[in-house]
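This is what each chain is made of:
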Amino acid sequence: MEDCLFCKIIKGEIPCSKVYEDEEFLAFNDINPKAPIHILVIPKKHIESLAHLKEDDEKLMGKIYGVINKIAQEKGFKQDGYRLIVNCGKNGGQEVMHLHFHILAGKPLGEKII
Ligand code: AMP
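The structure contained in this document is the topic of the report that follows. In this text the structure is predicted, and so the values were computed from the model without any measurement. (Residues numbered from 1 in each chain as written. Predicted model: local features only at pLDDT ≥ 70, side-chain atom pairs only at ≥ 80, totals over all residues. Heavy atoms only, no water.)

Topic: the overall build of the protein
- When its secondary structure is counted, the protein shows three helices and five strands.
- What you see for the protein is a C-alpha radius of gyration of 14 Å, in line with the 13 Å of a compact globule of 114 residues.
- In terms of its C-alpha atoms, the protein occupies a principal-axis envelope of roughly 35 × 30 × 30 Å.
- With 114 residues in all, the protein has 34% of them scored as buried.
- Considering only contacts within the protein whose residues lie at least 6 apart along the sequence, 53% involve residues at least 24 apart.
- Carbon and sulfur atoms make up 50% of the accessible area of the protein, which amounts to about 7,400 Å² in all.
- Treating the 16 positive side-chain charges of the protein as one cloud and the 17 negative ones as another, the clouds have centres 4 Å apart. (Helix = DSSP H or I, 4+ residues; strand = E, 2+ residues; numbered from the N terminus. Rg over C-alpha atoms; globule rule 2.2 N^0.38 Å. Buried < 20%, exposed > 50% of the residue type's maximum accessible area, 1.4 Å probe, protein only. Contact = heavy atoms within 4.5 Å. Areas by Shrake-Rupley, 256 points an atom, 1.4 Å probe, with all protein chains shown as cover. Lys, Arg positive; Asp, Glu negative; His and termini not counted. Charge placed at Lys NZ, Arg CZ, Asp CG, Glu CD.)

In C-alpha cells, the structure reads:
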C-alpha cells in the first residue's frame, strides 16, 4: 500500500528499530513507548485491521502468536509476562491502519481496563 506508514517501514523506506523479521512478519520498537518494552508486531501483508481479516488470513494470524512468544523468549520477558493489545478501528483507537499487535512488557503494567 503506497500511503501506509507500516508498509513503508516493511519496504525500508522509513527506518525502524527492528526486533524480529521473517518472511511474513516484522517486529520493531514503538517510536513512542508506553512501557520499558513496547514492540509492534505486524504482518508484512497489508491488512488494515482485525476487522479486515479474510478467511485466507487465518493461518497467518495463527502464526503471529508463535512469533510473539518467540520474541518474548529472545528478549527475555516471557517468564515475567507481557500484555498484548490490538486496537481496531475508530472506537478501538487505531491510528495506523495496518494491523499491528502491541507487546508491552518490562514492568508490572498496572491498571487493567479488563
Ligand atoms: P495504534 O494507536 O494502535 O494505531 O498504534 C500505532 C502505534 O504506532 C503507536 O503506538 C505509535 O507510537 C506507533 N508508531 C507510529 N509511527 C511509528 C514509527 N515510525 N515507528 C515505530 N512506531 C510508530
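This is not the end of the story, as more comes after the structure.
What to know about the site of the ligand
- Taken together, 16 residues are adjacent to the ligand, and Asp30, Asn87, Glu95, His100 and His102 come closest.
- Side-chain polar atom of aspartate 30 to an oxygen atom of the ligand: 2.5 Å apart, as the coordinates give it.
- Considered on its own, the ligand offers 510 Å² of accessible surface; in the complex 85% of this is hidden by protein.
- When contributions to the shell around the ligand are tallied by element, the ones reaching two or more residues are α1 (5-11) and β2 (25-29). (Near = heavy atom within 4 Å. Polar contact = N/O pair within 3.5 Å; in protein donor to acceptor, adjacent residues only side chain to side chain.)

Overview of the pairing of strand β3 (residues 37-43)
- Counting buried positions over the seven residues of β3 gives six, a clear majority of the element.
- Pairing between β2 and β3: five bridges, direction antiparallel. Bridging across to β3, phenylalanine 25 finds its partner in proline 43. (Pairing = 2+ DSSP bridges.)

So, helix α2 (residues 58-75)
- Along its 18 residues, α2 runs 26 Å from first to last C-alpha, staying within 8% of the 26 Å computed at 1.5 Å per residue.
- Within α2, burial applies to Leu60, Met61, Ile64, Val67, Ile68, Ile71 and Ala72. The arc that holds every buried residue of α2, seen down its axis, measures 135°, which confines them to one face. More than 90 degrees from the buried face of α2, the exposed residues found are Glu58, Lys59, Gln73 and Glu74.
- For α2, the elements touching its buried residues are β1 (18-21), β2, β3, β4 (82-85) and β5 (101-105).
- Note on α2: the residue one or two positions beyond its end, glycine 76, has a positive phi of about 80°. (Expected span 1.5 Å × (residues − 1). Arc of directions from axis to C-beta.)

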